[in-house]
Structures are given as C-alpha cells and as structure tokens.
Amino acid sequence: MIWIDGPAELGGEISVQGAKNSTLPLLAAAVLCKGQSVLHNCPDLTDVETAVRILEHLGCRCTREGSDLIVDNAMVCCEVPQGLMQEMRSSIVFLGAIVSRCGEARMCFPGGCELGPRPIDLHISALQKLGVEIRESGGCLSCQAPHGIQGAYVSLAFPSVGATENLMLAAVCAKGTTIIANAAREPEISDLAAYLNRCGGRIYGAGESCVIIDGVKELFGAEHRVMPDRIVSATYMAAAAVTGGSITLRDVDNAHILPMLAPFEESGCEVRQMGGSLNIMAPRRLMPVKHIRTMPYPGFPTDAQPVVMSMAAVGRGTSIFVENIFENRYRHAEGLQRLGANIKVEGKVAIVEGVESLTGAPVQAADLRGGAALVVAGLAAHGRTQVGGVEYIRRGYEDLAGNLASLGARIIETKDDP
Ligand code: EPZ
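## A word on the pattern of salt bridges
Next, step 1: Under the defined criterion, the tally for this structure stands at 16 salt bridges.
Next, step 2: Between Asp5 and Arg384 there is a salt bridge whose closest N-O contact spans 2.9 Å. Here Asp5, found in strand E1 (residues 2-6), pairs with Arg384, found in strand E24 (residues 383-388); they are 379 residues apart in sequence, far enough to count as distant.
Next, step 3: Given the relative accessible area of 47%, Arg384 is considered partly exposed.
Next, step 4: Between Arg329 and Asp303 there is a salt bridge, with its nearest N and O atoms 2.6 Å apart. Placement of the pair is Arg329 in the loop between strand E20 (318-322) and helix H12 (332-338) and Asp303 in the loop between strand E19 (291-293) and helix H11 (305-313), with a sequence separation of 26 residues.

## Quick notes on the sheet that holds strand E2 (residues 11-15)
Next, step 1: Read across the sheet, 4 strands follow the order E2-E16-E18-E17 without closing on themselves; strand pairing throughout is mixed. At either end of the open sheet lies a strand with only one pairing partner, and these are E2 and strand E17 (270-274). Recorded for the sheet is a direction-independent mean angle of 15° between the axes of neighbouring strands.
Next, step 2: The pairing of E2 with strand E16 (residues 246-250) spans 5 bridges and is classified as parallel. What sits directly across from Glu13, in E16, is Thr248.
Next, step 3: Against the sheet, helix H8 (residues 230-242) makes contact with E2, E16, E17 and strand E18 (277-281), and its axis sits at roughly 165° relative to E16, the strand it touches most.

The rules behind the values
Residues numbered from 1 in each chain as written. Predicted model: local features only at pLDDT ≥ 70, side-chain atom pairs only at ≥ 80, totals over all residues. Heavy atoms only, no water. Salt bridge = Lys/Arg side-chain N within 4 Å of Asp/Glu carboxyl O. Helix = DSSP H or I, 4+ residues; strand = E, 2+ residues; numbered from the N terminus. Buried < 20%, exposed > 50% of the residue type's maximum accessible area, 1.4 Å probe, protein only. Pairing = 2+ DSSP bridges. Axes fitted to C-alpha atoms, helices over the stretch in contact; angles between N-to-C directions. Contact = heavy atoms within 4.5 Å.

As structure tokens, this is what we get:
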C-alpha cells in the first residue's frame, strides 16, 4: 500500500532509472549470445526479476551487482513454463530468441494484460514468414524451425513494439537478410539493435520504419548500458506539474522526452532540457492539456497517457484524450473520480473537466501506469490517499514512493500488499 498526505509542492532532483521496456527485450536477446553479457543501469523491478527467472529456467546464470546485471549464457532448455509466461506480457519476446538459438520453442500465451486483449497474431504471422512452424493448442505455442530461420521481407500490419522486437531477435542469426517494413520506431527498438550489433549483429535502420537485418552466424555477449526510462521521466514530470513544484531529473535522454513535451508546456509548465538533465517548473495551477492522442512513436506514447490525465484532472479547463493503442486503458479514471476528478469515458475518448482540487481517498491500481497516475494525483489531493495494488507499480518503478519522498512528498510504501 502507498500512503500519501497531500498536497505537497515537490522540489529537488533525482536520477531516472533504466528503461523497463528496453531491459526486457535486452534480457531476451542475451539468450542469443554465447558467453557473458553485462547490462549496466539495469532497473530493479519485479518484471526484470521475472525475466531473470525465465533466463535461469532456460539455463543461463544471472548475477546482479548493484545496477549491473551479468548474464552467463549456458542455455540448455527451450521451454518457458506457463507460470512464468502468465506473470508478464512481454515474456512473449523470448519466443524469437529461443527458436533462433534452439531451433524450437515451447511457451504458452502471455498473461492477458489489464489493458485489454493482448493478442500476439502479429508476432506469430511475422515469425511464420521467417520459416518458423507454429502450432497452437490449449493456449500454448509449439514452434519449430526445422530448416533454420530464413531471412524474409515482413511488413507489419501495425508497428507493434513486441512484434518488431521478436522479429529482430529471430532474424539476427537467420540465413540471409530480413527486411521489416512498418517496424515500430520506439527508442527501445534502437537500444535493442545497439546491443545486438555490439554482440556482432548486423541491424540497420532501427528506429525507422524500415529495418534491415543481415543474418550472422553467431553472437557473442557484450556490455551495454540500458537507456533511461522515458515513461518514468514523464511520471516524475507529472508529479512536479500537479504539485506546482520545480524538480530536476538527471540521467534522462532528452530526445525521447520530446514527443511528450506538448501537454507539459500547454498546461503552463516550463521545461528546460540540458544534456542528460531536465528541469521542470510548474505554475501554481495548471492549464488544460487540450488534446492528447496516443500514437506509435514518435507520437504521444500511450504509457504516458495515465499520468498526464492526472495533470488534466486538476487543470483549469477541459482536456480531451483519445487512446488509440489499447482498448482498455482508462481504468485509472475510476480511481481519479474517487479523488474528485470529473472524467467522462466513452470508448477510446475521455473528457476531463479540471477541478479546483482533489480530495484524498482509498483507491486501487488496476495496472502499472494507471497505478502511477493515482499516486501522482494523490500528491495533489488534500488529505490522505491510499493506493492499493502496489504490486502493479513495482513492476515498472524502482522505489516510486522513496523517490517522491526525496522530492518532498509526504509518502510511504508499506509492504502489506502481496
Ligand atoms: C510495448 O507493449 C510496451 N511493453 C508497452 O508498455 C507499450 O504500451 C506498448 O509497447 C506500446 O508502446 C513492453 O515493451 C514490455 P504493441 P507491446 O505490440 O509490445 C496490438 C508499460 O506500461 N497488437 O506495440 O505489447 C496490441 O493489442 C507497457 O510499460 C496486436 O493486435 O505493444 C495493442 O493494441 C504497457 N497484435 C497494440 O497492438 C499483436 O500481435 C500495440 O501493441 C501485437 C500487438
């Protein structure tokens, strides 16, 4: 449980953790590399722990030394047990790496995530184009690549982040060249390509819509520094925004922040970016964020929508959100309404009428970023807010409560949740 006594104006500076959504595919990529890989700036998250348990089940040895995660690859197994698959949606990204390394893979469908149905049709059809034979039965996948993986031209119907990552992991050691059209352009894709190329891969154009991969015979482990977490950065920015505070974030990648700047500036915040740091100064009362449409990168990211909705909840006017990526990503609206927010949700549209102030209350997180949004709103609410479902938040945030407390928030996390 997270307990917050608000409101409290935030000030000071913190360092931003490594990116969860880069660390997870990087750990899957380590399956492909002979010998030892070292991930620097690896965040300490429950989703990372789950990925480590998958690696260890496959036969790899993982050792954490501070923020370094060392992976010694001694792969002996090509199956991911259902329990581990169910714990994390992104476990599906191990599929391409395992079938490339072992010539076969068995795993069940990943956990049906709380954001709506999480299909994997794009992953499956893409891998089939590379010659992977996939049979589904009883919610489990059995994959074979009897003739090895063949490079191919694959055009993704949607620039899926996970499907792009699975394709890159399957193609990097394929026979021949793979061209991915309509690839996801998220920075995490570029981070994955940078690591794989350091291991001996030949991936060109990552971060653009067309990615070309010349298959190589084998990869050898290498060191890599995980990129900063852009969504965690946006979360702390939103925390400063709703409390009228002024904070500095260190170790950010300012290029990745650019697609998220508009709502902060529209609402009256002043953002200064310099090198690897960012300073945000918020007005006493926010203006509305006007119109937010979530889109694939370099559009406004869906993962930042919940925390920006917390800003809109206390803004001076009407804000309109259109969630184009996930079918069910407004579950945090219910918790915000309990705190006094005025939000109407109609399908993929949410209309937020900013209120003068929120009032603390007990609320429940239903997913990772929605939980963070409830904490952000609690910082602005008058009185005590208690946020349940902290296990969701721990999946993606390294000590969210501790970091906010160091910025002056009156917040603690108790370990009574599972
Ligand atoms: C990644 O999920 C991130 N997770 C998500 O972050 C992020 O919201 C999402 O990309 C979009 O940026 C990780 O990287 C671990 P997608 P992913 O495949 O790969 C549909 C967080 O909070 N789709 O780009 O699952 C899908 O249903 C998480 O950190 C298919 O229809 O996202 C969704 O509507 C949440 N078929 C849309 O595409 C498929 O085969 C985007 O999904 C695959 C996806």
